[in-house]
There are 2 protein chains.
Amino acid sequence: MTHLSDIGEDALIQRLVRLVPLDPSPAAGPGDDCAVVDPGPGHSKLQLLKTDALVEHVHFLPEAAPRAVGWKACARVMSDFAAMGGQPERFLVTLALPPHTPVAWVENLYLGIGECLRHFGGVLAGGETSSVPPSSAAVISIAATGSVLRHHLTLRSTAKPGHALLVTGTLGGSRHAKHLTFSPRLREAAWLVSHFKPAAMMDLSDGLARDLPRLAAASGCGFVVEPSALPLTAGCTVEQALGDGEDFEMLLALEDARVDELLAAWCDVFPELALTRIGRLVEAGAGETLAGGWEHFAPGLGIKH
Amino acid sequence: MTHLSDIGEDALIQRLVRLVPLDPSPAAGPGDDCAVVDPGPGHSKLQLLKTDALVEHVHFLPEAAPRAVGWKACARVMSDFAAMGGQPERFLVTLALPPHTPVAWVENLYLGIGECLRHFGGVLAGGETSSVPPSSAAVISIAATGSVLRHHLTLRSTAKPGHALLVTGTLGGSRHAKHLTFSPRLREAAWLVSHFKPAAMMDLSDGLARDLPRLAAASGCGFVVEPSALPLTAGCTVEQALGDGEDFEMLLALEDARVDELLAAWCDVFPELALTRIGRLVEAGAGETLAGGWEHFAPGLGIKH
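What is the right way to read the overall build of chain A from this model?
Regarding its fold elements, chain A presents 8 helices and 10 strands. With the C-alpha coordinates of chain A rotated into their principal frame, the extents come out at 60 × 50 × 45 Å. Within chain A, the proportion of its 305 residues that are buried is 52%. For chain A, contacts bridging at least 24 residues in sequence account for 87% of all contacts bridging at least 6.

So, in structure tokens, the structure goes:
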């Protein structure tokens, strides 16, 4: 019998989407950071839909501060809206918790969700609570709607060979703290789509080694990365930058001729956040491959962070 | 230290919603079956948002057919759209599963989701998968958007003393099978809001004894129920009809003077589904109380069904 640990997350999703009715005329193909709903030609904004989940022992340890866990649960979804060039709107929080969970833990979780909503925009629109058996991991699932101006929508699938690849911030080492405290790049992405609209963009959640091949494949491209150019978090190796995951930085593709102008303008607007050219897209079949990154159902894996 | 099992679900939610920013001008107050988003006065339809979760050992047993589990996960959300007078649109499925889960189990789960979507309308718009630790319960969380014509929107909070109370179908005994195979009352609710718009409506998920007081409280009313009038599922007692939960029938309030006309018309349109007057709303503080029904975090509770 085949188990999830035998095939992995991407193959699983490909098998599942064949079994259900899909949007017959989606505003964006499946597999992007968010689902995109087009309300019709008279509307300047598209709706974004996203769901995400945090699992105890997988995305956070039982001893993690619940306020930081709430922030992370909310910020992960915000990061996906950023990757599409959009903004968050309404959030639905589903909690599946053991009955012995302290009320104070849940209140602090919500305080963290509230902090993130106040900081980046968005309101709580609803929720659901359920018990899980006493020995089960807590699960926090957040679904949200967002919006994006039609001409700001940025997909994974629209880059071309020759485009430069850039990342915001630094990569690797998020498990030491950043995975619980990161800032979703909403402000930076909003500036990018207004001033230097990327040909493609996504957020880095499973590690560059896993996410870059997804962007390249969605765009029908190969890729080349210059390891010595990778912006490493202090104390991290190239392997960590490629594989640790949960960086929640933006990976973007841009016409090569515009990169110098972008980098100069970026320094003025975001002087404290790196923006680094790390490589380029090439023709499909050319380029290289990368090993590493996070696979949810891989056998023998422990906690994500 | 206070735990979830000490205060219960309703009290928990009241404490949590104070900690986060809420929609400053909601189209419906919190606590209804769905969140309601008003896109503005030029739009004839309102958007509905809903999230819900199924937990192994709580909402289904490990030996349950995964196809039925998928149906149930999807149909529960549909039932909430029905309760608002609306229709389902786009679904987001979040799976948190142990790595040893057979791929065939997940495929059958999705087949059940697909069956429900094809039967009642709605498409899959996105999803997310995560592992849980090997000893943890599987969690299936479904968030969805729906829509409702502005003049069809039916809330819990708009009934008045004197209104009659009615329920569709029969109550009790859902654990024997119906909780996995029920039909959400979308068609029936759509007919009701078009022809005999209820003063208030909700779906019965936690048992009449728990859900009716919620509708009455939301409307600022008390209630009186005639136990001998309750439509019992064959073989069930009044206690089961009040407390088993997961009936997924509609509970509605209607002006007393229109009930006879409704019951006569209903028989012609839905001859195979009961619609039964079970009591009435009264002034707040008058009326009775009911004991029983499902409480997620109650100590010592086993599986919901």
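What should I look at first to understand the sheet that holds strand β4 (residues 123-131) of chain B in this one?
Adjacent strands of a sheet pair through backbone hydrogen bonds, lying either parallel or antiparallel. Residue and element names in this part refer to chain B. Here 5 strands make up an open sheet; going across it, the order is β1-β2-β5-β3-β4 and the pairing mixed. Every other strand in the sheet has two partners, leaving β1 (35-37) and β4 as the edge strands with one partner each. Averaged over all pairs of adjacent strands, the angle between their axes in this sheet comes to 15 degrees, without regard to strand direction. Judged from the 11 bridges that link them, strand β2 (residues 45-55) and strand β5 (residues 139-149) form a sheet pairing that is antiparallel. Note on β5: the bridge partner recorded for Asp52 is Ile142.

Hey, could you run me through the domain arrangement of chain A in this one?
Often, the extent of an interface is quoted as the loss of accessible area on bringing the components together. All names here are of chain A. When its domains are assigned, chain A resolves into domain 1 (31-152) and domain 2 (164-283). Its C-alpha centre places domain 1 at a distance of 23 Å from the equivalent point of domain 2. Contacts between domain 1 and domain 2 engage 19 residues on the former and 15 residues on the latter. No other element matches helix α2 (residues 66-83), which puts 11 residues into the side of domain 1 that touches domain 2. Per-class residue counts for the side of domain 1 that touches domain 2 are 11 nonpolar, 5 polar and 3 charged.

For this particular structure, what's the right way to read the environment of A:Ser130?
All names here are of chain A. One can find Ser130 in strand β4 (residues 123-131). Looking at Ser130, the number of C-beta atoms within 10 Å reads 21, which means it is buried. For the pair Ser130 and Leu95, spaced 35 residues apart in sequence, the C-alpha separation works out to 6.2 Å.

Explain unusual backbone geometry here, please?
Residue and element names in this part refer to chain A. If you check the backbone angles, His57 has positive phi at about 75 degrees while not being a glycine. Considering the arrangement of structural elements, one finds His57 in the loop between β2 (45-55) and α2. One non-glycine residue, Phe248, lies in positive phi territory at about 55 degrees. Considering the arrangement of structural elements, one finds Phe248 in the loop between α7 (238-243) and β9 (250-254).

What is the right way to look at the pairing of strand β10 (residues 275-283) of chain A in this model?
A regular strand places its side chains on the two faces of the sheet in alternate fashion. Residues and elements named next belong to chain A. Examined bridge by bridge, strand β6 (residues 164-168) and β10 share 5 bridges and lie antiparallel to one another. The residue of β10 that forms the bridge with Ala164 is Arg280. Where strand β8 (residues 221-225) lies against β10, 5 bridges are found, and the strand directions are antiparallel. The residue bridging Gly222 from the neighbouring strand is Val282, located in β10.

Could you clarify how one ought to interpret the environment of B:Ile278 in this entry?
All names here are of chain B. Tracing the sequence through the fold places Ile278 in strand β10 (residues 275-283). Spatially, the C-alpha atom of Ile278 lies 21 Å from that of Ala190, the residues being 88 residues apart in sequence. Excluding residues that lie within four positions of it along the chain, Ile278 makes contacts with Leu165, Leu166, Val167, Val225, Glu226, Ala229 and Leu230.

What counts and what doesn't
- Residues numbered from 1 in each chain as written.
- Chains lettered and ligands numbered in written order.
- Predicted model: local features only at pLDDT ≥ 70, side-chain atom pairs only at ≥ 80, totals over all residues.
- Helix = DSSP H or I, 4+ residues; strand = E, 2+ residues; numbered from the N terminus.
- Buried ≥ 20, exposed ≤ 12 C-beta atoms within 10 Å, placed from the backbone.
- Contact = placed C-beta atoms within 7 Å.
- Pairing = 2+ DSSP bridges.
- Axes fitted to C-alpha atoms, helices over the stretch in contact; angles between N-to-C directions.
- Domains from an automatic or database assignment.
- Nonpolar A, V, L, I, M, F, W, Y, C, P; charged D, E, K, R; others polar.

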